[in-house]
Amino acid sequence: MSSKILIIGACGQIGTELTTKLREIHGVNNVIASDINTRKLDLVNAGPFVILDAKNFNAIKDCCINNNIDTVYLMAALLSATGEKYPMEAWDLNMNSLFHVLNLAKGGQIKKVFWPSSIAVFGPTTPSLNTPQHTICEPTTVYGITKQVGERWCEYYYNKYGVDVRSIRYPGIISYKAMPGGGTTDYAVEIYHQAIKEGKYTSFLSKNTNLPMMFMDDAIKATTDIMAAPAKNISIRSSYNLAAISFTPEEIANSIKAEIPEFNISYKPDFRQAIADSWPASIDDSVARNDWNWSHEFDLKTMTAEMLTQLRKKYNG
Ligand code: SER
């Protein structure tokens, strides 16, 4: 029997592409997309869609009952930069939505949960190079705190109640279909758009800020792979380290210049610099690679080629 899936936060950067991929795998009518509004009309019109507030337990529960949902992907969240502007809202959304979904799974209403964590669980005291799976996590952002605490609760619900919850610590995700919203790694998406539109970009991170990143196709593959893996292979029930590439604004700019020689980058760091400085430069994801055969495909060069090709089509027809 095919799985019946609910995606909460389907109109976001990752939710948009995850919805498409899960519909390819499970069938359009077996994947209900939901978000707080209908801001992405192409997604809304592409298959079953409901308006759903991730903070409303009864609404999520009713949606799961009415549609016989067995698996929930909880993609709604306030990210790192927005979270610093609205700390209580970030705490409220990020934590309560997780509790709602975990409690539905504890009650037996749903069988399986995907919940994303982030490199934001790490902080200035974390070893910055090849950050191990098990290490110091003293995050300094509200977003990072919600993800760290969320990880603890995921593991707790697995250990105490047998909830099959699976999670990965996404690095910065780069994609061309939907814009990211309110993250510190957003520069690495904006830069491609501006390269095509303006031929120049002002980075809000300094030129040597090295952060872990990943192309969307790899992030989606990681998400569907971990959910498809046999439960016995999932040794980490908090959240898996996940890595692909690390680069600085200068390095991504150079990869763009290789295709668009006149591209120009300047640097004007803002409050997001302090957030970036608190995160690792590279991640050791060997546990994910061993447990469920994770591997990535895109490096900086192939990602830049794909981003520029797709955005040229978008802006230049
Ligand atoms: N991309 C996220 C952010 O920058 C990290 O998970 O907030």
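Residues numbered from 1 in each chain as written. Predicted model: local features only at pLDDT ≥ 70, side-chain atom pairs only at ≥ 80, totals over all residues. Heavy atoms only, no water.

Some points on the sheet that holds strand β7 (residues 164-166)
Okay, so step 1: The six strands lie next to each other as β3-β2-β1-β4-β5-β7, forming an open sheet whose pairing is parallel. Taken across any chain shown, the strands that pair with only one partner, and hence form the sheet edges, are β3 (49-51) and β7. Neighbour to neighbour, the strand axes of the sheet diverge by 20 degrees on average, direction disregarded.
Okay, so step 2: Here three bridges tie strand β4 (residues 71-74) to strand β5 (residues 112-114), and the two strands are oriented parallel to one another. When the sheet's bridge partners are listed, Val72 is paired in β5 with Val113.
Okay, so step 3: Sheet strands touched by helix α1 (residues 13-26): β1 (5-8), β2 (31-35) and β4. Its angle to β2, the strand with the most contacts, is close to 165 degrees. (Pairing = 2+ DSSP bridges. Helix = DSSP H or I, 4+ residues; strand = E, 2+ residues; numbered from the N terminus. Axes fitted to C-alpha atoms, helices over the stretch in contact; angles between N-to-C directions. Contact = heavy atoms within 4.5 Å.)

A look at the site of the ligand
Okay, so step 1: Neighbouring residues of the ligand: Leu79, Ser80, Ser118, Tyr143, Gly183, Thr184, Thr185 and Trp279.
Okay, so step 2: Between Tyr143 and the ligand, the recorded distance is 3.2 Å, taken from a side-chain N or O atom to an oxygen atom.
Okay, so step 3: The fraction of the free accessible surface of the ligand (240 Å²) that becomes covered by protein chains is 93%. (Near = heavy atom within 4 Å. Polar contact = N/O pair within 3.5 Å; in protein donor to acceptor, adjacent residues only side chain to side chain. Areas by Shrake-Rupley, 256 points an atom, 1.4 Å probe, with all protein chains shown as cover.)

Focus on the packing of helix α3 (residues 57-66) against helix α5 (residues 87-106)
Okay, so step 1: It is at 10 Å that the axes of α3 and α5 come closest, and there the two elements cross at 45 degrees. The angle between α3 and α5 falls in the class oblique. You can see that α3 and α5 cross each other, and the crossing is right-handed. Here Phe57, Ile60, Lys61 and Cys64 of α3 come into contact with α5, specifically with His100, Asn103 and Leu104.
Okay, so step 2: In terms of residue class, the contact of α3 with α5 is made up of four nonpolar, two polar and one charged. (Parallel < 35°, antiparallel > 145°, perpendicular 65-115°, else oblique. Left-handed = near helix turned anticlockwise from the far one by under 90°. Nonpolar A, V, L, I, M, F, W, Y, C, P; charged D, E, K, R; others polar.)

Some thoughts on the packing of aromatic side chains
Okay, so step 1: Inspection of the entire model under this criterion finds twelve aromatic pairs.
Okay, so step 2: Ring geometry for Trp153 versus Tyr157: centroids 6.2 Å apart, planes at 65 degrees, classification edge-to-face. Residue Trp153 and its partner Tyr157 are located together in helix α6 (residues 142-161), separated by four residues, close to a single helical turn.
Okay, so step 3: Note on Tyr157: relative accessible area 6%, which makes it buried.
Okay, so step 4: Arranged with centres 5.0 Å apart and planes meeting at 70 degrees, the rings of Tyr157 and Tyr161 form a pair that is edge-to-face. Taken as a pair, Tyr157 and Tyr161 lie in helix α6 at a separation of four residues, close to a single helical turn.
Okay, so step 5: Three or more aromatic residues joined by ring pairs make a cluster, and in this case those are Phe99, Trp153, Tyr156, Tyr157 and Tyr161.
Okay, so step 6: The positively charged end of Lys314 is found above the aromatic ring belonging to Tyr315, 5.7 Å away from the centroid. (Phe/Tyr/Trp six-rings, centres within 6.5 Å; stacked < 30°, edge-to-face > 60°. Buried < 20%, exposed > 50% of the residue type's maximum accessible area, 1.4 Å probe, protein only. Lys NZ or Arg CZ within 6 Å of the ring centre and 35° of its normal.)

Some remarks on unusual backbone geometry
Okay, so step 1: Here the phi dihedral of Asn130 falls at roughly 50 degrees; this positive angle occurs in a residue that is not glycine.
Okay, so step 2: Mapped onto the secondary structure, Asn130 falls in the loop between β6 (117-118) and α6.

Examining the nonpolar core
Okay, so step 1: Core analysis: the biggest nonpolar cluster contains 74 residues, and Tyr192, Phe247 and Trp292 have the highest contact counts within it.
Okay, so step 2: The leading source of residues in this core is helix α7 (residues 187-197), at seven residues.
Okay, so step 3: Leaving out residues up to four positions away in the same chain, Tyr192 has contacts with Ile174, Ile252, Ser255, Ile256, Leu300, Met303, Thr304, Met307, Leu308 and Leu311.
Okay, so step 4: Within the second largest apolar cluster, 28 residues are counted, among which are Cys63, Val72, Ala90 and Val101. (Core = buried A, V, L, I, M, F, W, Y, C linked by side-chain atoms within 4.5 Å.)

Here we look at the sheet that holds strand β12 (residues 240-241)
Okay, so step 1: Pairing within the open sheet is parallel, and its three strands lie in the order β6-β8-β12. Looking along the sheet, the strands with just one partner apiece sit at the ends: β6 and β12.
Okay, so step 2: Here β6 pairs with strand β8 (residues 168-170) via two bridges, running parallel. Note that in β8 the partner of Ser117 across the bridge is Arg169.
Okay, so step 3: The strands touched by helix α8 (residues 216-228) within the sheet are β8 and β12, with β8 carrying the most contacts at an inclination of about 175 degrees.

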